[in-house]
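Descriptive structure summary
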Amino acid sequence: MEKMRVLAVDDNIVNLATLEQELKDKYEVIPMSSGRRAIKFLYKEKVDLILLDVQMPIMDGIETLKEIRNLEDGLTIPVIFLTAKKDKMTVVEGSKLGIMDYVVKPFNTEDLHERIERALKRHGALPMEGRELYKRVKDIIDYIHSEKIRAAIVSTNEILGYQIDEEISGRMSTAVQKLKEGDLEAGERILSRILKVLEKSNDVGNRTNTIPISLGELNSRLLYVLDDLENFKIQEAALKIDDLLRYDIPQTVLDACNVAHDRLAEYDDDAAEKIIRNTLDELGKHGHI
């Protein structure tokens, strides 16, 4: 597979050499020692992302970026600023010109790789992996539970900027609209269904990293769920079921928990309570399922 091209622009030759060394295994790194040379290169060649130093003589990063944005193909190239200090005004100015992110030097290699990947995903050059999408959707639901609705809306809109499955994208668009309208229950219900879709995909939901759990603890956790349901604590019950799914539980218990969770998403807590109660009865009769 052909490597993606990263244009690294920095007047410091040592910095350029470091960037090339750190990124060469994954990307084709094109070093440029000035903004003017970078622009000249971009007249003839295309790149997938630009790492742009801010503090350069003669033509600094802001001026360079302004000229890049005036190029025929320069308007949409993802750009990450490299800066020696966290300068709020520089970041604000860069944001107006469409930078994806910024990295403060000296940079951490792992952090730099993560930021490059995130920028490429947001640009649509790389798809968002199922596991990452699953975690982000789960985080959004947690924001809703914590009444951090603005954070939930911002996070959902951010995901919609990535390359994701069309069906999921459509559902997320509907979910964010419901959140904006104040219909939090409907928004959460849609997001919960997205989680179920992701769990059934090949990217998430495999149970190779589940946590061992004893039969006694499993029984206790199910009793806590049942207690919440009996006291109309629907969200608390759903969260406890979510947590239980992290453990290495018998397949029939897993299936029962997933169905019960679906019923809760549909506000059918009576059905969910019946499912959990029956599961507990079976555990009591046989000692296992």
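Just so it is clear, the structure is predicted and the values come from calculations on it, not from any experiment. Along each chain, residues carry numbers from 1 onward, in the same order as the chain's sequence is written. Where local features are concerned, this predicted model is filtered to residues with pLDDT of at least 70; where side-chain atom pairs are given and counted, the filter is 80 or more; whole-chain, interface and lining totals use all residues. Processing note: side-chain calculations cover all non-hydrogen atoms of the structure and skip hydrogens and water entirely.

Take the pattern of salt bridges next. The term salt bridge refers to a pairing of a side-chain nitrogen on Lys or Arg with a carboxyl oxygen on Asp or Glu at a separation within 4 Å. If you walk through the whole model with that rule in mind, you get 16 salt bridges. Between D10 and K105 there is a salt bridge; the shortest N-O distance is 3.2 Å. Here the residue D10 occupies a position in the loop between β1 (4-9) and α1 (13-23), and K105 occupies one in the loop between β5 (101-104) and α5 (109-123), the gap between them amounting to 95 residues. When sorted by exposure, D10 lands in the same class as K105, which is buried. Two residues, R277 and E230, come together in a salt bridge whose shortest N-O distance is 2.8 Å. Of the two residues, R277 is situated in helix α13 (residues 269-286) and E230 in helix α10 (residues 215-230); the sequence distance between them amounts to 47 residues. Here the salt bridges share partners, and the residues they tie into one network are D101, D111, R115 and R118. Helix and strand assignments follow DSSP, with helices taken as H or I runs no shorter than four residues and strands as E runs no shorter than two, numbered in order from the N terminus. Three labels apply to residues, based on accessible area from a 1.4 Å probe with only protein chains included: buried if under 20% of the type maximum, exposed if over 50%, partly exposed otherwise in between.

Here the focus is the side chain of D269. Assignment of secondary structure puts D269 in helix α13. Once residues within four sequence positions are removed from consideration, D269 is found in contact with L229, F232, I234 and L264. Residues count as neighbours in contact if any of their non-hydrogen atoms are within 4.5 Å of one another.

Another point: empty space enclosed by the protein. For cavity detection a 1 Å grid was placed over the protein atoms alone, and a set of points counts as a cavity when a 1.4 Å probe fits there but cannot get out; an open set counts as a pocket when protein lies on both sides within 12 Å along at least five of seven lines, with lining residues being those that have an atom within 4 Å of a point. Grid points are joined across faces, edges and corners, and a volume is the space filled by probe spheres set on the points. Applying the stated criterion across every chain yields a total of one cavity of 30 Å³ or more. The calculated volume of the largest cavity comes to roughly 30 Å³. As for the largest cavity, its lining consists of M100, D101, R115, R118, A119 and R122. Considering each element in turn, the lining of the largest cavity owes the most residues, four residues, to α5. In this classification, Asp, Glu, Lys and Arg are treated as charged, Ala, Val, Leu, Ile, Met, Phe, Trp, Tyr, Cys and Pro as nonpolar, and every other residue, Gly included, as polar. Partitioning the lining of the largest cavity into residue classes produces two nonpolar, no polar and four charged.

On to the packing of helix α6 (residues 130-145) against helix α7 (residues 149-160). With axes taken as lines fitted to C-alpha atoms, and helix axes fitted only over the stretch in contact, angles between N-to-C directions fall between 0 and 180 degrees. One way to put it is that α6 packs onto α7 with a least axis distance of 8 Å and a crossing angle of 160 degrees. Classified by the interaxial angle, the pair formed by α6 and α7 is roughly antiparallel. Handedness of the crossing formed by α6 with α7: left-handed. For the pair α6 and α7, contact is made by L133, R136, V137, I140, Y143 and I144 and by I149, A151, A152, S155, T156, E158 and I159, respectively. We call two directions roughly parallel when the angle between them is under 35 degrees, roughly antiparallel when it is over 145, roughly perpendicular when it lies between 65 and 115, and oblique otherwise. Put simply, a crossing is left-handed when the front helix is turned counterclockwise from the back one by less than a right angle, and right-handed when it is turned clockwise.

On to the side chain of D228. Positionally, D228 belongs in helix α10. At 2.7 Å, the side chain of D228 and the side chain of K240 are in polar contact. Every residue in contact with D228, bar those within four places of it in the chain, is listed here: K233, E236, A237 and K240. Pairs of N or O atoms are called polar contacts if they sit within 3.5 Å, as long as, within protein, a hydrogen donor faces a hydrogen acceptor (for residues adjacent in sequence, only side-chain-to-side-chain pairs).

What follows concerns the pairing of strand β4 (residues 79-83). With five of its five residues buried, β4 lies for the most part within the structure. Burial of the side chains of β4 extends over both faces: V79, F81 and T83 are buried on one face and I80 and L82 on the other. Bridging between strand β3 (residues 49-53) and β4 involves four bridges; their strand directions are parallel. Following the sheet pairing, L51 is matched in β4 by I80. Each parallel crossover has a hand, and for β3 linked through helix α3 (residues 61-69) to β4 it is right-handed. Where β4 meets β5, four bridges bridge the pair, whose relative direction is parallel. Pairing of F81 across the sheet is with Y102, part of β5. Each pair of strands is called paired provided DSSP finds at least two bridges between the two strands. Viewed with both strands pointing away, a crossover whose connecting path from the first strand over the helix to the second turns clockwise is right-handed.

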